[in-house]
Amino acid sequence: MKYKILAADDEFWSRENIRSLIPWEEYSLEFLEPACDGEEVIERIPEEHPDIILTDINMPFLSGLELLQKLQTEYPDIVTIAISGYDDFEKVKGVFVSGGLDYLLKPVGKEEMVKVLTKALGVLEERENAKRQDETSRIQEHKLSSFLEDSEYSALLSGKLYGQSAAQTHVSSTSTFSEVATLMVKFYNITEIAERFDHDNLQMSWKIKSCLKELTGDAGNPIIFNNSNKMSEFLIVETADAKALKTLADNILKEFSMEEYGPVSVVIHEQTSSLDDIGTVYRELISALVTRPFSRSHCVLLCPEDKSGENQTIGKSAPVHMETELYHLLETGQRSDTEKLIFKTCKFSACDDGTWSYLDVKQYVGRITGILYRYVQEKCPELTAQAEEAMDNIDYYMKCLNAPSLFAALKILLNSLWENGEDKESDSNSIVQQVEQIHKYIERSYHENITLTALAEEYHMDASYLSRIFSQKYGETIIAFLTRIRMEKAAELMKDQDKKLETISFLVGYDDYNYFSRVFRKKMGSSPREYRNNLV
């Protein structure tokens, strides 16, 4: 940080002597054009904002002592240093009474100037540190307050959505929130966004909410909260007309650019309702959300849906004979025809061109993976765990609107069927070393966005081959190992009773608490809440 210094002296040669006394720039100081008297100093402060003022005591119009007194009253943050040609005790005393930091005698030498400036810079840096600490404390208070607010309003969503309406404490609607509209902002790259905040979910949530509040303004008395169960969802509840809501949606998409935040959906629920009905509204928002195009692009949706038919997708579905044909191709080892059947049917290989909705992709992929999973259970049950992991990967990539990775995950599942029983020999220790590196990386970075396809790409290996070599060395697949590490870390964090379960979910790599809860129950034998209660 470069501080500004303003010197004041009615004698030209004194001003020039101070100007040339030391190389100011080398001390990260900006030496402003000196002032001729105290009145000029007062006039220039509002525009130039000096941090340190060096003033002569004996000046016309407004003396140095009078200037110091005025600065102490009006600009107490400015560090002041007095300079005089007289060694007068009363004047020295007056300097300190008026808030001056120190007193120098003319002619001022370089050593004395450096010494007093070091003292002045120390004062300024202490103040800056104190401000930063105050700001950090203030931000932390805001973050915690924001999180409590999120939890309160999210209880309304979960209560109405999952049928837990009894004994859910929440803020009751007042007349202010009896006729409100709702917007939902959905981020699809929330894991990558979290990495920019060092996986501090409070900081990330507070920052995004702050941006949304700035865009929304105070006119509609808005409520803005982050869904505690799904960190990727933010809801805005306010009184606004349809035109204002559409403008707000457009501004949100401009603020959260594709380059920085990835694709974002804004769903507008135009019909007004009471805040107490937010659970029902949320369910309708989610229903509208799945109609968005399956593409890496921003999107604005209206809820209830446009009934004119113009914006509705036709819908895609696997043909009835798909199961029989797919079974036959798998059994006879027709690899090329199998892929052609899956990826060419309904032009699935182009599902991210804007003609498929998210629901289309979800239903089509669900049908295909369902067929493949039944084939695994009937023909090669030893691959059941691997197939389940592949299906989890596929589901994750769908949620991220990531078609290339979705296709890759499907091919990994297919490769595992064709290569069942095969064993490629590793002709080098380098592959084993890479697998060991991956093992250590997962142990260290389990909370990051780790996927099998990304690891395979980074280490220049075939994904299904990498998965098999890892399994051979460690007795479990990469995804199984990652999940186990995450659940063990989550169990460890649960010992801290002050940490909310939703926060723990996020800290170990899950932005969807409900999904985390299902995985935890499957791996640990009880729900996160039951597990924590048993620790007490």
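A short tour of the structure in this document, coming up. (Residues numbered from 1 in each chain as written. Predicted model: local features only at pLDDT ≥ 70, side-chain atom pairs only at ≥ 80, totals over all residues. Heavy atoms only, no water.)

What follows concerns the overall build of the chain. When helices and strands are counted, the chain shows 22 helices and ten strands. Relative to its full complement of 536 residues, the chain shows a buried share of 48%. Across the chain, contacts joining residues at least 24 apart in sequence account for 69% of those joining residues at least 6 apart. (Helix = DSSP H or I, 4+ residues; strand = E, 2+ residues; numbered from the N terminus. Buried < 20%, exposed > 50% of the residue type's maximum accessible area, 1.4 Å probe, protein only. Contact = heavy atoms within 4.5 Å.)

Across the six residues that make up strand 8 (residues 233-238), a large majority, six, are buried. Across six bridges, strand 6 (residues 180-187) lies against strand 8 in antiparallel orientation. Looking at strand 8, one finds that M184 is bridged to L235. Here strand 7 (residues 223-226) runs beside strand 8; their pairing, made up of four bridges, is antiparallel. Across the sheet, residue I224 finds its bridge partner in strand 8, namely I236. Between strand 7 and strand 8, which pair antiparallel in sequence order, lie six residues. (Pairing = 2+ DSSP bridges.)

Quick look at the sheet that holds strand 8 now. Pairing is mixed in the open sheet, where five strands are placed in the order 7-8-6-9-10. Looking at which strands have only one partner, the edges of the open sheet turn out to be strand 7 and strand 10 (299-303). Recorded for the sheet is a direction-independent mean angle of 15 degrees between the axes of neighbouring strands. Two elements, strand 9 (residues 264-273) and strand 10, share five bridges in a ladder whose sense is parallel. Bridge pairing in strand 10 links H269 to C303. On the sheet, helix 10 (residues 278-289) packs against strand 6, strand 8, strand 9 and strand 10 and is oriented at approximately 140 degrees with respect to strand 9. (Axes fitted to C-alpha atoms, helices over the stretch in contact; angles between N-to-C directions.)

A few words now on the packing of helix 2 (residues 38-48) against helix 3 (residues 64-74). As a packed pair, helix 2 and helix 3 sit with axes 9 Å apart at the nearest point and diverge in direction by 20 degrees. Put simply, helix 2 runs roughly parallel to helix 3. Between helix 2 and helix 3 lies a crossing of right-handed hand. The residues of helix 3 that touch helix 2, namely those facing G38, V41, I42 and I45, are L67, K70 and L71. (Parallel < 35°, antiparallel > 145°, perpendicular 65-115°, else oblique. Left-handed = near helix turned anticlockwise from the far one by under 90°.)

Once that is clear, we can look at helix 1 (residues 12-19). Buried residues of helix 1: S14, R15 and I18, and no others. Axial view of helix 1: buried residues confined to an arc of 100 degrees, hence all on one face. (Arc of directions from axis to C-beta.)

To continue, consider the packing of helix 11 (residues 322-331) against helix 13 (residues 358-379). Running from N to C, helix 11 and helix 13 cross one another at 50 degrees; their axes reach a closest spacing of 11 Å. When the interaxial angle is binned, helix 11 and helix 13 end up oblique. The way helix 11 lies across helix 13 gives a crossing that is right-handed. Here helix 11 contributes M322, E323, L326, Y327, L330 and E331 to the contact with helix 13, which in turn contributes Y364, I368, I371, L372, R374, Y375, E378 and K379. A class-by-class count of the residues in the contact of helix 11 with helix 13 yields nine nonpolar, no polar and five charged. (Nonpolar A, V, L, I, M, F, W, Y, C, P; charged D, E, K, R; others polar.)

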